[in-house]
Amino acid sequence: MSRITQFAGLLLLAAVALAGPVGAVAEEAPATPDEIKEWIGQLGSPQFAQREAASRSLATAGLPALEPLAAAIKGDDFEVASRAMEILRGFLEGEDETLAAAAEKLAESIAEGPESPVSSLAIAMLDFHHLGMVEAAREKLESLGAIVTDGFIPSGSRGTIVVLNASWRGTADDLRLLARLRGVVQVALRGVRIDEKALGILGRLRGVESLQFYGTGVTEEALAQLAAKLPDAEIDFRKGGKLGVGGQPNIGPCQITQVQDGSAAAKAGLQIGDVVVKIDGEPVLNFETLTDKVGKRGPGEKIELEVERNLPGEEPERFSRTVELDGWE
């Protein structure tokens, strides 16, 4: 073996000894809070290179950078906020599942917040992120008791219809799955108690045309805020009292076309063809009037109905019925 070969071998052994075991990779020290704070500040730098360097550093900082990024996103500088949102998008699409889940939760809280350019960015980002999750979201919702169908609503629109009733076993967080569905035109909550957090989630359903809140416990003030977010959606709010009849909308008089078996109306002896003339002494012009007045009552409350009945071959009659309302299930 030549002297040159021996010397090269010694150099190789020395290099291996200094580097440590074969295959070992030196880990980068995690970013400090001060470093992250400095990088956040540099997102608004007038120098392009400094902004880019700060973005790259924050992107590699991972979970510790999430809270400072949230503060930057909710700040007053839209340029900084949009760059922070881009970093958040990278977290959302990354392979670190813990970081991606935390980033999604942050993006959802921004999307559900007050209407703003940043909330619009968050909605668009989440919509794109959720494109591949439709079937999984539907299966999960159905496993929690939601009724998910495809069909028409009274306006004539066709799409996905979601009904949450007494069988619903999910939480407010589970309602976020609704935003992953495509083409939701109607969401009906019947006898399901919800809070303002849930309303914020529903406010992300920008394409929804009809929302029904029957016996949900929400306030009219909270619904007014939701209506401001969804100006094109029709919101039907009822305290939860249920009579159990059907009729033709926007057509007078208020003639009953359906009586549900076992309902409050059936127990009171109401029949198909009956015309409701008054409720608690006030005139009923059409089925909408009846629905509106019943909707302002809760389960167990009593109403007084004045009814006209005109059966073939029999004398027309007018009578009163006291009806104890059911609740929505």
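Residues numbered from 1 in each chain as written. Predicted model: local features only at pLDDT ≥ 70, side-chain atom pairs only at ≥ 80, totals over all residues. Heavy atoms only, no water.

Right, let's get into the confidence of the model for the chain. Across the chain, the average pLDDT comes to 87, with 91% of residues at 70 or higher. With pLDDT under 50 throughout, residues 1-26 is counted as low confidence; its partners more than four residues away or in other chains account for one contact. (pLDDT = per-residue confidence, 0-100. Contact = heavy atoms within 4.5 Å.)

On to the packing of aromatic side chains, then. With the rule as written, the count across this model stands at one aromatic pair. One residue, Lys-242, lies across the ring of Trp-328, its end atom 4.7 Å from the ring centre. (Phe/Tyr/Trp six-rings, centres within 6.5 Å; stacked < 30°, edge-to-face > 60°. Lys NZ or Arg CZ within 6 Å of the ring centre and 35° of its normal.)

Moving on, we get to the pattern of salt bridges. Where side chains of opposite charge bring their charged atoms close, a pairing between them can arise. On inspection of all chains with the given rule, the structure shows 19 salt bridges. For Glu-108, the salt bridge is made with Arg-176, and the minimal N-O distance between the two is 2.9 Å. With Glu-108 in helix H6 (residues 97-111) and Arg-176 in the loop between strand E2 (158-164) and strand E3 (184-190), the pair connects residues that are 68 residues apart, well separated along the chain. Like Glu-108, the residue Arg-176 is buried in the burial classification. For Arg-318, the salt bridge goes to Glu-306, with nearest N and O atoms at 2.7 Å. With Arg-318 in strand E12 (residues 317-324) and Glu-306 in strand E11 (residues 302-309), the pair connects residues that are 12 residues apart, well separated along the chain. (Salt bridge = Lys/Arg side-chain N within 4 Å of Asp/Glu carboxyl O. Helix = DSSP H or I, 4+ residues; strand = E, 2+ residues; numbered from the N terminus. Buried < 20%, exposed > 50% of the residue type's maximum accessible area, 1.4 Å probe, protein only.)

With 33 residues, the main nonpolar core has Leu-178, Val-187, Leu-199 and Phe-213 as its most contacted residues. When contributions to this core are tallied by element, the ones reaching two or more residues are helix H8 (134-143), E2, E3, helix H9 (196-202), strand E4 (210-214) and helix H10 (220-229). The element contributing the most residues to this core is H9, with four residues. When near neighbours in sequence (up to four residues on either side) are disregarded, Phe-213 contacts Leu-189, Ile-194, Leu-199, Leu-202, Val-218, Leu-223, Leu-226, Ile-235, Asp-236, Phe-237 and Arg-238. Core analysis: the next-biggest nonpolar cluster, separate from the first, contains 32 residues, Ala-84, Ala-103, Ala-111 and Met-125 among them. (Core = buried A, V, L, I, M, F, W, Y, C linked by side-chain atoms within 4.5 Å.)

A few words now on the sheet that holds E2. An order of E1-E2-E3-E4-E5 is seen for the five strands of this open sheet, with the pairing classed as mixed. Whereas interior strands pair on both sides, the edge strands pair on one side only; in this sheet they are strand E1 (147-152) and strand E5 (234-238). Strand-to-strand twist across the sheet, computed as the mean angle between neighbouring axes with direction ignored, equals 15°. By the bridge criterion, five bridges tie E4 to E5 in an arrangement that is parallel. Counted as the bridge partner of Phe-213 is Phe-237 from E5. (Pairing = 2+ DSSP bridges. Axes fitted to C-alpha atoms, helices over the stretch in contact; angles between N-to-C directions.)

Let's shift gears to the layout of surface pockets. Estimated volume of the largest pocket: approximately 1100 Å³. Forming the walls of the largest pocket are 36 residues, and the residues nearest its centre are Gln-212, Tyr-214, Asp-236, Arg-238 and Thr-291. For the lining of the largest pocket, the elements supplying multiple residues, two or more each, are E2, E3, E4, E5, strand E7 (245-247), strand E8 (254-259) and helix H12 (287-295). Among the elements that take part in the lining of the largest pocket, H12 stands out by supplying seven residues, more than any other. Partitioned by chemical class, the residues of the lining of the largest pocket number 15 nonpolar, 13 polar and eight charged. (1 Å grid on protein atoms, 1.4 Å probe; cavity = no way out; pocket = protein on both sides within 12 Å on 5 of 7 lines; lining within 4 Å. Points joined across faces, edges and corners; volume = space filled by probe spheres on them. Nonpolar A, V, L, I, M, F, W, Y, C, P; charged D, E, K, R; others polar.)

This part is about H12. Among all positions in H12, only Phe-287, Thr-289, Leu-290, Thr-291, Val-294 and Gly-295 are buried. Residue Asn-286 occupies the N-cap position of H12, its side-chain oxygen lying 3.2 Å from the main-chain nitrogen of Glu-288. (Polar contact = N/O pair within 3.5 Å; in protein donor to acceptor, adjacent residues only side chain to side chain.)

An α-helical turn contains 3.6 residues, so any two residues separated by three or four positions project in the same direction. Within H8, the full set of buried residues consists of Val-134, Ala-137 and Leu-141. Buried residues of H8 fall within an arc of 65° about the axis and therefore sit on the same side. Across from the buried face of H8, at angles greater than 90 degrees, the exposed residues are Glu-135, Ala-136 and Glu-139. A positive phi of about 105° marks Gly-145, the residue just after H8. (Arc of directions from axis to C-beta.)

Right, let's talk about the side chain of Gln-42 for a bit. Mapped onto the elements of the fold, Gln-42 is located in helix H2 (residues 33-42). Each residue touching Gln-42, except ones within four places of it in the same chain, is listed here: Gln-50, Arg-51 and Ala-54.

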